[in-house]
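Reading the structure
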Protein chains: 2
Amino acid sequence: MTEIVDWVAVDWGTSNLRAWGIGQDGAVAFEKTSPKGMGKLTREEFPGALAELLEGVEPASAGAPLDVLICGMAGARQGWLEAPYLEAPTDLRGLLDGAVRPAMPGGRIAPAILPGVCQKAGADNVMRGEETQLLGLAALTPGFSGIVCMPGTHSKWAQLSGTRIEHFSTAMTGEIFEVLRTHSVLRHSLNGDLDGPGRAEGFAAGAAMGLEHPAQLLGTLFQVRASSLLSGRQPDWCAGYLSGLLIGTEIGSNRHLIGNTAVPLIGSPALCAHYAQVLAMIGARGEPKDATEIVLAGLKAARSFAV
Amino acid sequence: MTEIVDWVAVDWGTSNLRAWGIGQDGAVAFEKTSPKGMGKLTREEFPGALAELLEGVEPASAGAPLDVLICGMAGARQGWLEAPYLEAPTDLRGLLDGAVRPAMPGGRIAPAILPGVCQKAGADNVMRGEETQLLGLAALTPGFSGIVCMPGTHSKWAQLSGTRIEHFSTAMTGEIFEVLRTHSVLRHSLNGDLDGPGRAEGFAAGAAMGLEHPAQLLGTLFQVRASSLLSGRQPDWCAGYLSGLLIGTEIGSNRHLIGNTAVPLIGSPALCAHYAQVLAMIGARGEPKDATEIVLAGLKAARSFAV
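Residues numbered from 1 in each chain as written. Chains lettered and ligands numbered in written order. Predicted model: local features only at pLDDT ≥ 70, side-chain atom pairs only at ≥ 80, totals over all residues. Heavy atoms only, no water.

As annotated in an unreviewed UniProt entry, chain A carries the name 2-dehydro-3-deoxygalactonokinase and is attributed to Devosia oryziradicis.

Listed below in structure tokens is the structure:
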């Protein structure tokens, strides 16, 4: 079957590849997904993965190549073609100007990969993919100014003023949870059913500890182990405690950035709900966003600001 | 060859087993070591490992069994025989009273395993082995009162008043370094010669960051990765930075406990030197101790306080 679209929006992350065909009315005509994330491909395999996903998709203007706008890890150094970072502070309306255009055999498809954003001057940091979501948030929420939290393996906290990103940081919260759960002495306390009824109670206790003592993380982490040895805490409670402790520490350490406006949360619904719960514990309000809607809005906005 | 001794002091840790024969004059007559640490043995293998190590060792009092005093992980739940924890605050002169005496086939050897120390009431914590070192420090430094730092995989910080342990905490510093180096995204920045000339510079930079921002650890950790991506930092610099950042964060988070007296450091000489360097950065003084001398003094002291 042939699909006729105006252009194709693509989010090419480490684990997955997602594409949306955008019709001439601006609406989503189709969504296609593939497990061929950047992490699973060699440089040479990117063109084939994209061509395969977009088989049967044709551009509305006959004769012209299919316009494909890509954000995410495909533009990393170890990805398809490196799209050099824009340096923060910067106006995200400049994303398309920084895009790179990898060669595509056959010329049927014309891909452009958006850059990530970096930060230097003693606060070295990088993002790739989140900048497009931030532009999407700015497009969907005109006039928004404040801190944005993007929970995940590497959570981002970004200070946004309209379409400008002023400053950002990365917290390794999700990854620390995973490596400790899998490889540290804490694994002995997290061996069993982690989703039992004790998880919520452990989460609340860990979050309270993290919020109150964000500087004590190296020490409070060990309490996961000690609690199971001394107080007979079960794996579900310990998993909740570890998760709450890390999220509480992350939010506690960013407390000075949280003002009176609600904090937009961009990430998986389950994780955003956890962050909203912990934000509520300090009287702040988290506002979970639909991450797909946000990234699509970002790709659309990036394209509309073409020079 | 037969060795005649008054008793045998044993430090049975997770990785190694060490024994010292103590003569009737109180001097060390021999030292024997074995790689048969607790972590490598099933419960049934402990008696054989000890008998093998002490083959040819005879007690000075003929006919009596050989008196062997053991500290460390042999007394853990997953060790030889669990020696229940004393609960802090407690006087460490009570260690021998809390010892357990596992059965030993043949009756030639009479082992006693000292307990560890735990802490409850919302500050759950455990130590096993370090309590004997703390008693040794107290014995070698009469009248000492203050904070003691024991750097390692799980660093201990203990408030000591003479032979009393008032309070303690555990920082997972060494283990976090290892799991991040081996299993996290940071491994990409730590892949190469980690002992090059950049290590010392990276260590100092990381330590300064950790001391200044102990609450920002989840964020500052990611700077290891960003520094290699953006500033071309080499693996040796990154390894130094990660190590310095973790030790700086640990010391920074315990800053309120550090007074004007020197902080005794009990651990490996290389690690203690690093901790002393970071302590000096905040105007404090670390005093590395000989860990073998300390544990021997602790076992002797524990034995001398037998009821």
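This part takes up the overall build of chain A. Along chain A, the regular secondary structure elements total nine helices and 16 strands. Taken over the C-alpha trace, chain A has a radius of gyration of 21 Å; the compact-globule value for 307 residues is 19 Å, and the two agree within 12%. When the 307 residues of chain A are sorted by exposure, 57% land in the buried category. Look at the contacts in chain A between residues 6 or more apart in sequence, and 66% of them connect residues 24 or more apart. When the accessible surface of chain A is summed, it comes to about 12,000 Å², and 51% of that surface belongs to carbon and sulfur atoms. (Helix = DSSP H or I, 4+ residues; strand = E, 2+ residues; numbered from the N terminus. Rg over C-alpha atoms; globule rule 2.2 N^0.38 Å. Buried < 20%, exposed > 50% of the residue type's maximum accessible area, 1.4 Å probe, protein only. Contact = heavy atoms within 4.5 Å. Areas by Shrake-Rupley, 256 points an atom, 1.4 Å probe, with all protein chains shown as cover.)

Here we come to the sheet that holds strand S11 (residues 125–127) of chain B. Strands sit in the order S7-S10-S11 (chain B) across an open sheet of three strands; the sheet is mixed. One side of each edge strand has no neighbouring strand; the edge strands of this open sheet are strand S7 (86–87) and S11 of chain B. The pairing of S7(B) with strand S10 (residues 117–119) of chain B spans two bridges and is parallel. Opposite B:Leu86, over in S10(B), you have B:Val117 as the bridge partner. Packing of helix H6 (residues 222–230) of chain A onto the sheet brings it into contact with S10 and S11 of chain B, and relative to S11(B) it is tilted by some 85°. (Pairing = 2+ DSSP bridges. Axes fitted to C-alpha atoms, helices over the stretch in contact; angles between N-to-C directions.)

Further remarks concern the relation of the copies chain A and chain B. Taken as rigid bodies, chain A and chain B are interconverted by a rotation of 180° and an axial shift of 0.0 Å, the fit giving an RMSD of 0.0 Å. Such a combination of rotation and displacement between the chain copies is what one expects of a two-fold axis. The rotation axis passes nearest to the C-alpha of A:Ala215 in chain A, at a distance of 1.8 Å. Here 98% of the interface residues in chain A have copies in chain B that are interface residues too; the copies meet face to matching face. (Least-squares fit on C-alpha atoms with pLDDT ≥ 70 in both.)

Another point: the side chain of A:Lys156. Inspection of the secondary structure puts A:Lys156 in strand S13 (residues 155–161). One buried charge, A:Lys156, has no salt-bridge partner; the nearest side chain with opposite charge is A:Glu130, at 4.8 Å. One polar contact links the side chain of A:Lys156 to the main-chain carbonyl oxygen of A:Val126, over a distance of 2.5 Å. Side chain to side chain, A:Lys156 and A:Thr170 meet in a polar contact 2.8 Å long. With residues near it in sequence (within four places) discarded, A:Lys156 still touches A:Asn125, A:Val126, A:Met127, A:Glu130, A:Val148, A:Cys149, A:Met150, A:Ser169, A:Thr170 and B:Phe222. (Lys, Arg positive; Asp, Glu negative; His and termini not counted. Salt bridge = Lys/Arg side-chain N within 4 Å of Asp/Glu carboxyl O. Polar contact = N/O pair within 3.5 Å; in protein donor to acceptor, adjacent residues only side chain to side chain.)

When its domains are assigned, chain A resolves into domain 1 (3–128) and domain 2 (171–289). Relative placement of domain 1 of chain A and domain 2 of chain A: their C-alpha centres are 34 Å apart. (Domains from an automatic or database assignment.)

Taking 1.5 Å per residue as the helical rise, helix H7 (residues 235–253) of chain A with its 19 residues ought to reach 27 Å, and the 27 Å between its terminal C-alpha atoms agrees with that figure. Judged by how many residues are buried, H7(A) sits mostly within the fold: 19 of 19 residues are covered. (Expected span 1.5 Å × (residues − 1).)

Before going further, it helps to examine the nonpolar core. Within the largest apolar cluster, 56 residues are counted, with the highest numbers of intra-cluster contacts made by A:Leu180, A:Leu221, A:Leu242, B:Leu180, B:Leu221 and B:Leu242. When residues no more than four places from it in sequence are discounted, the contact partners of B:Leu180 are A:Met172, A:Ile176, A:Val179, B:Leu186, B:Arg187, B:Leu221 and B:Leu242. (Core = buried A, V, L, I, M, F, W, Y, C linked by side-chain atoms within 4.5 Å.)

Throughout the structure, instances matching the rule amount to 22 salt bridges over all chains. When the shortest N-O distance is used, the salt bridge between B:Arg18 and B:Asp11 registers 3.8 Å. Since its relative accessible area comes to 18%, B:Asp11 is described here as buried. Among the ionic pairs, B:Glu82 bridges to B:Arg77, the shortest N-O distance being 3.6 Å. Judged by relative accessible area, which is 30%, B:Glu82 ranks as partly exposed. The exposure class of B:Arg77 is partly exposed, given its relative accessible area of 42%. One salt-bridge network, in which partners are shared between bridges, spans A:Arg285, A:Glu287 and A:Lys289.

The next thing to look at is the packing of helix H4 (residues 198–212) of chain A against helix H8 (residues 269–281) of chain A. Residues and elements named next belong to chain A. Contact pair H4 / H8: the axes reach a minimum separation of 10 Å and the direction vectors enclose 55°. Relative to H8, the element H4 lies oblique. Crossing geometry of H4 relative to H8 is assigned as right-handed. Here Phe203, Ala204, Ala207, Ala208 and Leu211 of H4 come into contact with H8, specifically with His274, Gln277, Val278 and Met281. Of the residues in the contact of H4 with H8, the class split is seven nonpolar, two polar and no charged. (Parallel < 35°, antiparallel > 145°, perpendicular 65-115°, else oblique. Left-handed = near helix turned anticlockwise from the far one by under 90°. Nonpolar A, V, L, I, M, F, W, Y, C, P; charged D, E, K, R; others polar.)

All right, on to the sheet that holds strand S2 (residues 7–12) of chain B then. Strand-to-strand pairing in sheets goes through backbone hydrogen bonds, with the strands running parallel or antiparallel. Residues and elements named next belong to chain B. The strand order across the open sheet formed by five strands is S4-S3-S2-S6-S9, and the pairing between neighbours is mixed. Edge positions in the sheet fall to strand S4 (28–34) and strand S9 (109–113), since each of these pairs with one other strand and no more. For this sheet the average axis-to-axis angle between neighbouring strands, irrespective of direction, equals 20°. Here strand S6 (residues 66–72) runs beside S9; their pairing, made up of five bridges, is parallel. Considered in S9, the bridge of Asp67 is made with Ala110. Taken strand by strand, helix H1 (residues 46–53) contacts S2, strand S3 (17–22), S4, S6 and S9, and its axis lies near 130° from that of S2.

On to the interface of chain A and chain B, then. Tallying the contact residues gives 45 residues for chain A and 45 residues for chain B. When the two sides are added together, the surface that chain A and chain B hide from each other amounts to roughly 3,600 Å², 67% of it contributed by carbon and sulfur. Of all residues in chain A, A:Leu218, A:Phe222 and A:Leu230 give up the largest surface area on contact with chain B, accounting jointly for 21% of the area buried on that side. Taken together, the connections running from chain A to chain B amount to eleven residue pairs in polar contact (both at pLDDT 80 or more). Those elements that provide at least two residues to the side of chain A that touches chain B are strand S10 (117–119), strand S11 (125–127), strand S14 (164–171), helix H3 (173–183), helix H5 (217–220), H6 and H7 of chain A. (Buried area = accessible area lost by both parts, 1.4 Å probe.)

Before going further, it helps to spend a moment on the pairing of strand S13 (residues 155–161) of chain B. Residue and element names in this part refer to chain B. Most of S13 is tucked away: five of the seven residues are buried. From the end of strand S12 (residues 145–150) to the start of S13, which pair antiparallel, there are four residues. As paired elements, S13 and strand S14 (residues 164–171) share seven bridges and run antiparallel to each other. Note on S14: the bridge partner recorded for Ala158 is Phe168. Linking S13 back to S14 in an antiparallel pair, the connection comprises two residues, with Gly162 at a positive phi of about 60°.

What follows deals with unusual backbone geometry. Residues and elements named next belong to chain A. Of note, the amide linkage connecting Ala88 to Pro89 takes the cis form, showing an omega dihedral of -5°. Looking at the element boundaries, Pro89 is found in the loop between strand S7 (86–87) and strand S8 (90–91). Of note, the phi angle at Ala121 is positive, near 55°, even though the residue is not glycine.

Residue and element names in this part refer to chain A. Each pocket or cavity is described by its volume, and for the largest pocket that value is around 1,500 Å³. Its residues placed into classes, the lining of the largest pocket shows 15 nonpolar, 18 polar and ten charged. A volume near 1,200 Å³ is recorded for the second largest pocket. Around the second largest pocket sit 39 residues that line it, and Gly13, Thr14, Met73, Arg128 and Glu130 are the ones nearest its centre. For the lining of the second largest pocket, the per-class residue count stands at 17 nonpolar, 14 polar and eight charged. (1 Å grid on protein atoms, 1.4 Å probe; cavity = no way out; pocket = protein on both sides within 12 Å on 5 of 7 lines; lining within 4 Å. Points joined across faces, edges and corners; volume = space filled by probe spheres on them.)

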